[in-house]
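Working through the structure, step by step
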Amino acid sequence: MSTTLLAIESSCDETAVAVLRDDKLLANVVSTQIEIHQKYGGVMPEIASRLHAENISIVLKEALEKSQVKLEEIDAFAVTRGPGLIGALHVGLQAAKTLAALYGKPLIPVHHLAAHIYANEYVKPLIFPCLAIVVSGGNTELVIMKNHLEFEIIGETKDDAVGECYDKVARVLGLPYPGGIPIDALSKKGQATYKLPRPLHDHSFDFSYSGLKTSIINMVHTAEQKGEKIVIEDLCRSFQETAIGMILDKSLRAVEHYQVKQVVLAGGVSANSYLRSQIVSRLEGGGVDVIIPPMWCCTDNAAMIAKLGMYLYREKVFAPLDVAVDPNWQIDHFREF
Ligand code: KG4
């Protein structure tokens, strides 16, 4: 018997609905708000919630039309419960609860970052032990999976997330939001000539990005005051090699330490060209499999919520209708709600 899930994602600035029947993705509709938030140089939470509320029914309707599936045929409704922006999460959860109540079907609460990891299964199956490099605007974590639905955080950022650092550095350089994209592009034209700090360059698997961010902000302001010119391409290259270098060094050490068989990238920063090329070349020939997610998996979408939702459905991880969102939900507590 086949299983059909409808999944909803609204944790940040993408409103998304997907329909998955077993392994077959029947629809994956994403409505992004990015152009609106660009005017403010970052995501405005209140505007994000309002736009989700305006868009959710339209996106739902389009996903149903594309999939040619009727709501009566859906076996369960999966939805992002966290982490993310509280008001934004509420919209998706409210929609999913309404559908689950109306059609008398289970509600599956899905962890957003775990779903980013499971997006890789649209490329090929996860194999274990697996190291997931989870890098986004809100999180920087190294996660070891010894099996399906087992997540152990072995290291995480002590302050800013790597994507947040990209966005703040971009802002001080006068580059548009989201900052990772222009910094990545400019760094290809530059040389790593600027010396930058590498915090937490130690034996832990933890990260720290606030010192790196502050040092660049100070460097730019000092140059402005002295009337000196910053070579933006070189600074972007120096920043990128430092910010991503920390992730690469710690990840490669984790691969050895945990005798990892597969490495996967997850989250918005996994779109980074330097991270993608370096993780492949540095692991080449070592017998470790690497999944580089396609670009559509790097940005937020509901296909990934459906993919993980399918595993949770089989394990009957269902939530009661009074479940609340959790903006700070930890990946290793994904069964607690
Ligand atoms: O996972 P995501 O879409 O959003 C949340 O964290 O909610 O990640 C967005 C982050 C932003 O900080 C953005 O600057 C970063 O991903 N990003 C990149 C690149 N593309 C997007 N960072 C580095 N290089 C990129 N090519």
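All values reported here derive from a predicted model rather than from experimental measurement. Residue indices begin from 1 for each chain and proceed along its sequence in written order. A pLDDT threshold of at least 70 governs which residues receive local features in this predicted model, and a stricter bar of 80 or more applies before side-chain atom pairs are shown or counted, although totals over entire chains, interfaces and linings include all residues. No hydrogens and no water enter the side-chain calculation; it runs on all heavy atoms of the structure.

On to the side chain of Thr 3, then. Within the secondary structure layout, Thr 3 lies in the segment before β1 (4-9). Contact between two residues is taken to exist if any of their heavy atoms lie within 4.5 Å; hydrogens are not considered. Sequence-distant contacts of Thr 3, that is, excluding residues within four places in its chain, are made with Leu 20, Arg 21, Asp 22, Asp 75, Met 310 and Tyr 313. Numbering of helices and strands starts at the N terminus; helices are DSSP runs of H or I of at least 4 residues and strands are runs of E of at least 2.

We now examine the sheet that holds strand β9 (residues 262-266). We treat two strands as partners when DSSP finds at least two bridges between them. Strand order in the open sheet formed by 5 strands is β8-β7-β6-β9-β10, and the pairing between neighbours is mixed. The outermost strands of the open sheet, each flanked by one partner alone, are β8 (152-156) and β10 (289-291). Along the sheet, successive strands turn relative to each other by an average axial angle of 20 degrees, direction set aside. On the sheet, helix α8 (residues 232-257) packs against β6 (130-135), β7 (140-145), β8 and β9 and is oriented at approximately 160 degrees with respect to β6. Angles shown run from 0 to 180 degrees and are taken between the N-to-C directions of axes, each axis being a line fitted to C-alpha atoms and, for helices, limited to the stretch in contact.

Take unusual backbone geometry next. Residue Pro 129 is bonded to the preceding Phe 128 through a cis peptide linkage, with omega at -5 degrees. Checked against the element boundaries, Pro 129 lands in the loop between α4 (112-118) and β6. Cis geometry marks the peptide bond from Tyr 177 to Pro 178; its omega dihedral reads -5 degrees. By the element assignment, Pro 178 lies in the loop between α5 (162-172) and α6 (180-187). Notably, Asp 22 is not glycine yet its phi reads approximately 50 degrees, a positive angle. Note on placement: Asp 22 falls in the loop between β2 (14-21) and β3 (24-32). Judged by its relative accessible area of 29%, Asp 22 falls in the partly exposed class. Non-glycine residue Gln 259 carries a positive phi angle of around 45 degrees. Turning to its location among the elements, Gln 259 is positioned in the loop between α8 and β9. Each residue is placed in one exposure class: buried if its accessible area under a 1.4 Å probe, protein chains only, is under 20% of its type's maximum, exposed if it is over 50%, and partly exposed if it falls in between.

Glancing now at the sheet that holds β1. In spatial order, the strands read β3-β2-β1-β4-β5; together these 5 strands make up an open sheet with mixed pairing. Of all strands in the sheet, those with a lone pairing partner are β3 and β5 (107-111), marking the two edges. Along the sheet, successive strands turn relative to each other by an average axial angle of 20 degrees, direction set aside. Here 8 bridges tie β2 to β3, and the two strands are oriented antiparallel to one another. Residue pairing in the sheet places Thr 15 in a bridge with Ser 31 of β3.

It is worth spelling out the domain arrangement of the protein chain at this point. Split into domains, the protein chain comes out as domain 1 (4-117 + 299-333) and domain 2 (125-292). The start and end points of each domain follow an automatic or database-based domain assignment. Put simply, the middle of domain 1 and the middle of domain 2, counted by C-alpha atoms, are 27 Å apart. Listed as interface residues are 18 residues of domain 1 and, on the opposing side, 19 residues of domain 2. Here the buried area means the combined drop in accessible surface, using a 1.4 Å probe, for two parts upon being joined, counting both sides. Interface of domain 1 and domain 2: buried area, both sides summed, is about 1,600 Å²; carbon and sulfur atoms make up 73% of it. Considering only the side of domain 1, the residues that lose the most area to domain 2 are Leu 113, Ile 117 and Ile 331, jointly responsible for 38% of the buried surface there. Criterion for a salt bridge: a side-chain nitrogen of Lys or Arg within 4 Å of a carboxyl oxygen of Asp or Glu. On inspection of domain 1 and its partner domain 2, the count reaches 0 salt bridges. Each polar contact in these results corresponds to two N or O atoms within 3.5 Å; when the atoms are within protein, one needs to be able to donate a hydrogen and the other to accept it, and residues that are neighboring in sequence are counted only if both atoms are side-chain atoms. Summed over the shared surface of domain 1 and domain 2, the number is 2 residue pairs in polar contact (both at pLDDT 80 or more). Where the side of domain 1 that touches domain 2 is concerned, the elements lending two or more residues are α1 (34-38), α4 and α11 (303-314). For the side of domain 1 that touches domain 2, the element with the highest residue contribution is α4, accounting for 4 residues.

Before going further, it helps to spend a moment on the pairing of β9. Most of β9 is tucked away: 5 of the 5 residues are buried. Side chains Gln 262, Val 264 and Ala 266 project from β9 onto one buried face, and the interleaved Val 263 and Leu 265 project onto a second face that is buried too. In this sheet, β9 lies alongside β6 in parallel orientation, the contact comprising 5 bridges. Each bridged residue has a counterpart across the sheet, and for Ile 133 the counterpart in β9 is Leu 265. Crossover β9 to β10 through helix α9 (residues 273-283) is right-handed. Consider the strands pointing away from the viewer: the crossover is right-handed when the path from the first strand over the helix to the second runs clockwise.

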